[in-house]
Amino acid sequence: MFIKITAGKSIVFIFSHHKYFVSGIGFIAIIPLFAEAKTVPAAPHKQAAVAQAATSGITTTRSAQATRARKAALTAPLSRTENVVVVGSALRNAANQNANPVQTVTAQQIQETSASTISDYLQRLPSIGSQGSGSTSTISSAGMPNGTNGLSCADLRNLGQSRVLVLVDGKRMVPTMGGVASCVDLSSIPIDQIASVEILKDGGSELYGADAVSGVINIKLKHNLTTGGLTIRGGITDQGDGDTGKISGYKGFNFDHGRGNITVFGQYLTNSPIMTRNRSWSRDPWLSDALIGQTPVHGSSITAATRVIDPNGNFDLVSNNTGGGTSGFHDFGNSDRFQYGNEQQLTNYLQESNLSGDAHYDINEHISLYSSVQYTHKTTSQNMAAWPETGSSYPSTEPSQLMLPAGSPYNIWGEDVDLYKRMQDIGDRNYKQAFDTWQVMGGARGRIVGDWNYDASMTYGESRATMAVDNQINYTHLLDSLGVRQLNPGNPLSAITYDPSVCQASKGCSLINPFGALSSSQREYIADYQTDHATYQMRDFNLRVDNNHLAHLPYKYGGDFALAGGLEHRSEQASYVPDPMVNSDLGGGEEYTGGGYGVTSVYLEGKLPLLHNAPFARDLTVDAQGRWDNYSTFGSTENWKASLNWAPTRDIRFRGTLGTSFRAPSVSELYGGASMSYNSGNDPCAQAGTYGGLSANVVAHCMKEGINPGKFVQADASEIPTLAGGNTKLQPEIGRTYTFGVVLTPRWIRGLEASVEYWHYTVQHEIGTLPIQYIVDSCYTGTATNYCSLINARNSAGQLTQVDDPYQNIGELRTSGIDFDLNYTLRLGASDRLMLNNNFQQVISYMQQNTPGGAWFNYDGRLFYQGGYGNPRVRDYATVTWAHDNFRLTYMMNYTGGMHFTDGTNDVSCKVYSYCKVPGIFSHDVTVSYRTGRWNFLGGVNNILNKAPPFVPDGSSNTASGLYSSDIIGRYVFLQARADF
């Protein structure tokens, strides 16, 4: 005879072959009387719900609490140590029995910060790099003051957003296509729906496939709830801007006597922007790093009043806005520069709505059906200064340089002259993005036979984006209004002539005076509107089977051999369709992106506990993982990982991993159409004297192109026209990762857990783009003349027209470092606890080749000051929480170490330039929460000391936005109220 406890509320007494059912829990006290009792594991979703309950932060009604308490009492005497699936393994493991270095962040840790999205929170963590982008950042990671695509992308270990895999509940999520790049948009995941976040700080290609080179971020959502709740949050900076508002709610309920559950979440979020002019440190951006003793230059050389430059270098004039004439101009000076910082934003405007739901129904222990639906609608916008008109961009065939022909009645010089004009008459540019993302997933899980379990699912996701720009310039109409006609149509370098008939032939056109104001009809004719569209589709079928007790090792202290394996087939397609007018009337700059691939995979994992509870081996486990992938684009590849986990005693555990990685080029990297941008950089001919012993080479190269460096002026100072795009000749990346460390859980210090981990990554055939300054410097100094082929011919004014910077296999990357993590809970009494948490990262090396087999560059502790991102050697995030009954007080400290400036080629000399490095910076936050009944109140202050970010002459915002996003906002205060029901 034995007792069988079912997954519901019934107890089954089994005598020989007869079964007797007793409904309810009234006989709970009888269980200890029987010597032999057997528990039946709950369905997988219920096991997950138990693990989630401790971290969800959601309370239930008294009835639900009582029900849970009775269930806990029923199963507690018979339960073993709970095993859960943690990212990095397909098998269930007890706490601290996984060799993979995994960091877990709870919902409460996230909620206690000022973060509006999970991306904003992750940027606090030392392992998260600065080459991604946050939901509120306007200045792009490329440092270009040209607006961004409004996405929130993750970066791990500063290896880039394309090398980290983002999962939701262990399943892939559809990326969002923003412009010509794509990523999983973290802001599309409501922060209140998150139960926890697991970060695998190790390669994961051998289990999860491509993208998991630097690691995996697995976002676990709340499921199987039986309560409801409503949360309202609001916040604002002490400057009265950057205000945020959020309202979210959820409701869950069981049906059919607990066999099924439906849970629904909804959220509305809005963030207002912060203008550059509203921060003293950013309102006057330095155009570039000034030489020591030199007055820094502020503002763009593309002036509001029309600028006229003689192609032969004889004059450089600016209109007095009096209509021209012999007395209508003055020599160009720094006072004429346009202060674009007054018009642009530091942070995005964001408005987002989310709706999601999930359901499950347990037919029996063999079949548990589950499904989920997620939908997000998000709009973002960025304000930028009026369009700086200089000429066309690839692939347009209109004149690459805006010129006023010699025959024009407004040309008093008798020769063709170059024009540069900030089109303020048209108005500021406003970049707007609208994203719609939805994903549907359905599947079944359960027990096959014995200890064999399965999980089969199918996922379909799609994202659609519409990107628009107000107050664009119709370049064709502008040329018509100036009476400009090409003598050789179709050639952007063609000579031009004055022909007023081109305007007469165009409806709505009237000839304009380039040195006077535009009429309303002229503004209407020249202004235009650009609308681009993008889509991304993903289909993913996944089947996994596992057995945690396949066989017991046949010797004393042997453990249970565990095995898991699976099949996956995934296909991804993406497209980016620019406005049809972009490459004609709007002057070029973008091309169509489209393509896709499919991949079929088989993966396997085996765990072998060699010793368990043996002398000097409380646990000695070997784990091996392998994956075979067959890509429609690159054929097949195999990757593996082996790990060792040894705990001599319960107080200490040694662990290590060694594995390979593989990353196929993404759709945008393979098929991305050409897109023009203006990256921060300086023309070598405009700074020939700053190259030390190589200056003579630069002068010689410039003279060869007919340019006198002593007189040459870069018209668009601090920016270089850059054409980026995909490359179908790319080869996959391959790599190797290893980690080893120790975990301390001393029994004599209850509540303490500390770990130290060494990590090392090697990436070969690295896919990426090069710093634009590195390309032009390498060519003009002669250190790498192969890059000269990427620099297009200069225009008639001697200005750079275009530098090609497509994706390419640029070489090899190696980086290594040490993590130190500490968690300590100290009980101060019956009602008081003190909780300490610290995450520390020390980067030991970051070496990169910018060409296959070429020289190695040391980027450890370096800040790419022209690009807004860097690799600090030291980062630390620490929190201290005091909890007294229902009251909690939390202090948070974030530290980012100092860095030396680099332009990608050389470190900036402290003997030559005004700024060459940034110091380390601390920021401090505090939150207070109190719970009474079903109400929970939370308030906090972010950046208590109102610390400004370090000064960085990036040419856009006077700081590195990718590194110092929280400091950009300044002191920020927020309040939140939540009601549970």
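- Looking at an unreviewed UniProt entry, the chain carries the name TonB-dependent receptor, with the source organism given as Acetobacter fallax.

**Section: empty space enclosed by the protein**
Reasoning step 1: Evaluation of the coordinates by the stated rule reveals 14 cavities of 30 Å³ or more.
Reasoning step 2: In this structure, the second largest cavity occupies an estimated 510 Å³ of space.
Reasoning step 3: If you go around the second largest cavity, you meet 32 residues; those closest to its centre are Asp-120, Gln-123, Ser-965, Ser-966 and Ile-969.
Reasoning step 4: At the level of elements, β46 (887–896), β49 (921–932) and α12 (965–969) are the ones that each hand at least two residues to the lining of the second largest cavity.
Reasoning step 5: Of the residues forming the lining of the second largest cavity, the biggest block, 4 residues, is contributed by α12.

**A short note on helix α6 (residues 475–482)**
Reasoning step 1: Burial analysis of α6 places 8 of its 8 residues in the buried class, the great majority of the element.
Reasoning step 2: Within the sequence span of α6, burial applies to Tyr-475, Thr-476, His-477, Leu-478, Leu-479, Asp-480, Ser-481 and Leu-482.
Reasoning step 3: One or two residues past the end of α6 sits Gly-483, with phi positive at roughly 70°.

**Things to note about the layout of surface pockets**
Reasoning step 1: Put simply, the second largest pocket is a space of about 840 Å³.
Reasoning step 2: Lining of the second largest pocket is provided by 36 residues; of these, Asp-289, Asn-682, Gln-687, Thr-690 and Tyr-913 occupy positions nearest its centre.
Reasoning step 3: Per-class residue counts for the lining of the second largest pocket are 14 nonpolar, 17 polar and 5 charged.

**What to know about the state of the cysteines**
Linking two cysteines covalently via their sulfur atoms produces the bond known as a disulfide.
Reasoning step 1: Scanning the entire structure with this criterion turns up 5 disulfides.
Reasoning step 2: Two residues, Cys-153 and Cys-183, share a disulfide whose sulfurs are 2.1 Å apart. In this structure, the disulfide formed by Cys-153 and Cys-183 twists by about -65° around the S-S bond and is classed as left-handed. Of this pair, Cys-153 sits in the loop between α4 (118–122) and β8 (164–168) while Cys-183 is found in strand β11 (residues 181–183), placing the two residues 30 residues apart along the sequence.
Reasoning step 3: According to the relative accessible area criterion, Cys-153 is buried, its value standing at 7%.
Reasoning step 4: Classification of Cys-183 as buried rests on a relative accessible area of 8%.
Reasoning step 5: Disulfide pairing is shown between Cys-910 and Cys-916; the S-S distance is 1.9 Å. Here the disulfide of Cys-910 and Cys-916 is right-handed, its torsion about the S-S bond being about 90°.

**What to know about the nonpolar core**
Reasoning step 1: One finds Ile-775, Tyr-780, Tyr-787, Ile-791 and Val-803 to be the most contacted residues of the largest nonpolar core, which totals 34 residues.
Reasoning step 2: Among the elements of the structure, α10 (695–704), β38 (752–768), α11 (772–781), β40 (808–827) and β41 (832–849) are those that each provide at least two residues to this core.
Reasoning step 3: With 26 residues, the next largest nonpolar core counts Ile-110, Val-168, Leu-186 and Ile-194 among its residues.

Parameters at a glance
Residues numbered from 1 in each chain as written. Predicted model: local features only at pLDDT ≥ 70, side-chain atom pairs only at ≥ 80, totals over all residues. Heavy atoms only, no water. 1 Å grid on protein atoms, 1.4 Å probe; cavity = no way out; pocket = protein on both sides within 12 Å on 5 of 7 lines; lining within 4 Å. Points joined across faces, edges and corners; volume = space filled by probe spheres on them. Helix = DSSP H or I, 4+ residues; strand = E, 2+ residues; numbered from the N terminus. Buried < 20%, exposed > 50% of the residue type's maximum accessible area, 1.4 Å probe, protein only. Nonpolar A, V, L, I, M, F, W, Y, C, P; charged D, E, K, R; others polar. Disulfide = S-S within 2.5 Å. Core = buried A, V, L, I, M, F, W, Y, C linked by side-chain atoms within 4.5 Å.

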